[in-house]
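Notes for the structure review
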Amino acid sequence: MSTIADNIAQVSSRIRAAEQAAQRSAHSVQLLAVSKTKPVQALREAYAAGLRDFGENYLQEALSKQAELTDLPLTWHFIGPIQSNKTRAIAEHFDWVHSVDRLKIAQRLSEQRPAGLPPLNICIQVNVSGEASKSGCTPADLPALANAIGALPRLKLRGLMAIPEPTEERAVQDAAFAAVQRLQASLELPLDTLSMGMSHDLESAIAQGATWVRIGTALFGARDYSAG
Ligand SMILES: *Cc1c(COP(=O)(O)O)cnc(C)c1O
């Protein structure tokens, strides 16, 4: 059985190989460890192997892990769907939010971001697969949303996030990620982040400009939701 440290080494070499294949500089892509459903011991192992950035989808689960890991200097990323009644805790307990897809949520995060903390880093989740996904703003709504979020005082708009429809076909992956990159370029805002690519499609995402890849299964193994 492979350990988390082995998996991290493997994923890191996939990332480095994809950077090279795309003629991008080494370490231009960062690894976000998606630890949803995994026990704190798994995060400690990943930390020991060098990872510092962790992504969580479920607020209560994330808060209880954070409470158990206060001894580690971790950077926390919220990457799941956001309900209005969860914005205060997210604004207080995370460094990044990758899954903002409407203005109301962004306004609440800005209002509720504590004054003693730096601005909250934000990615707008965009839906490039049409009907296939309910999360994410439409490409048509993106320019107005990006301009409005860019003006909020306690947020720092960093870029876009996308979860294209899963497929093993490289050409289809490439087309979806290229669309995200084009949308970002069309905004003409000073953005430096593309959060895209998961365990099965990180090579394609990196070829199309990803700066964060969000990796769960390839680091921690399959998720067993039935075990809670
Ligand atoms: C679960 C999840 C991931 C990780 O997916 P894997 O296929 O396990 O690598 C990435 N991003 C988001 C938003 C997720 O919910």
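First, a word on what this report is: a plain description of the structure on this page.

Scoring rules and cut-offs
Residues numbered from 1 in each chain as written. Predicted model: local features only at pLDDT ≥ 70, side-chain atom pairs only at ≥ 80, totals over all residues. Heavy atoms only, no water. Helix = DSSP H or I, 4+ residues; strand = E, 2+ residues; numbered from the N terminus. Rg over C-alpha atoms; globule rule 2.2 N^0.38 Å. Buried < 20%, exposed > 50% of the residue type's maximum accessible area, 1.4 Å probe, protein only. Contact = heavy atoms within 4.5 Å. Areas by Shrake-Rupley, 256 points an atom, 1.4 Å probe, with all protein chains shown as cover. Lys, Arg positive; Asp, Glu negative; His and termini not counted. Charge placed at Lys NZ, Arg CZ, Asp CG, Glu CD. Expected span 1.5 Å × (residues − 1). Arc of directions from axis to C-beta. Phe/Tyr/Trp six-rings, centres within 6.5 Å; stacked < 30°, edge-to-face > 60°.

Side note on the overall build of the protein chain
Secondary structure summary: the protein chain contains nine helices and eight strands in total. On C-alpha atoms alone, the protein chain measures out to a radius of gyration of 17 Å, which is about the 17 Å that the 2.2 N^0.38 rule sets for 228 residues. With the principal axes as the frame, the protein chain shows a C-alpha extent of 50 × 40 × 35 Å. Taking all 228 residues of the protein chain together, 49% fall into the buried category. Taking as baseline every contact in the protein chain between residues at least 6 positions apart, the subset at least 24 positions apart corresponds to 58%. Split by element, the accessible area of the protein chain, about 10,800 Å² in all, is 52% carbon and sulfur. On the protein chain, the mean spot of the 22 positive side-chain charges and the mean spot of the 23 negative ones are 5 Å from each other.

Some words on helix α1 (residues 4–21)
Relative to the 26 Å expected for 18 residues at 1.5 Å per residue, α1 spans 25 Å between its end C-alpha atoms, a close match to the ideal helical length. Those residues of α1 not exposed but buried are Ile-4, Asn-7, Ile-8, Val-11, Ile-15, Ala-18 and Glu-19. Viewed end-on, α1 has its buried residues packed into an arc of 110°, placing them on one side of the element. Along α1, the residues that are exposed and aim more than 90 degrees away from the buried face are Gln-10, Gln-20 and Ala-21.

Comments concerning the packing of aromatic side chains
Taken as a whole and assessed by the stated rule, the structure comprises three aromatic pairs. Between Phe-78 and Phe-94, the aromatic rings sit 5.3 Å apart at their centres with planes inclined by 85°, giving edge-to-face as the arrangement. One end of the pair, Phe-78, is in strand β3 (residues 75–78); the other, Phe-94, is in the loop between α4 (87–93) and β4 (96–100), and 16 residues separate them in sequence. The burial state of Phe-78 is the same as that of Phe-94; both residues are buried. Consider the rings of Trp-96 and Trp-212, whose centres lie 5.7 Å apart with planes at 85°: the pair is edge-to-face. Placement of Trp-96 in strand β4 and of Trp-212 in strand β8 (residues 212–215) is noted, with a sequence separation of 116 residues between them. Judged by relative accessible area, Trp-96 falls into the buried class, the value being 7%.

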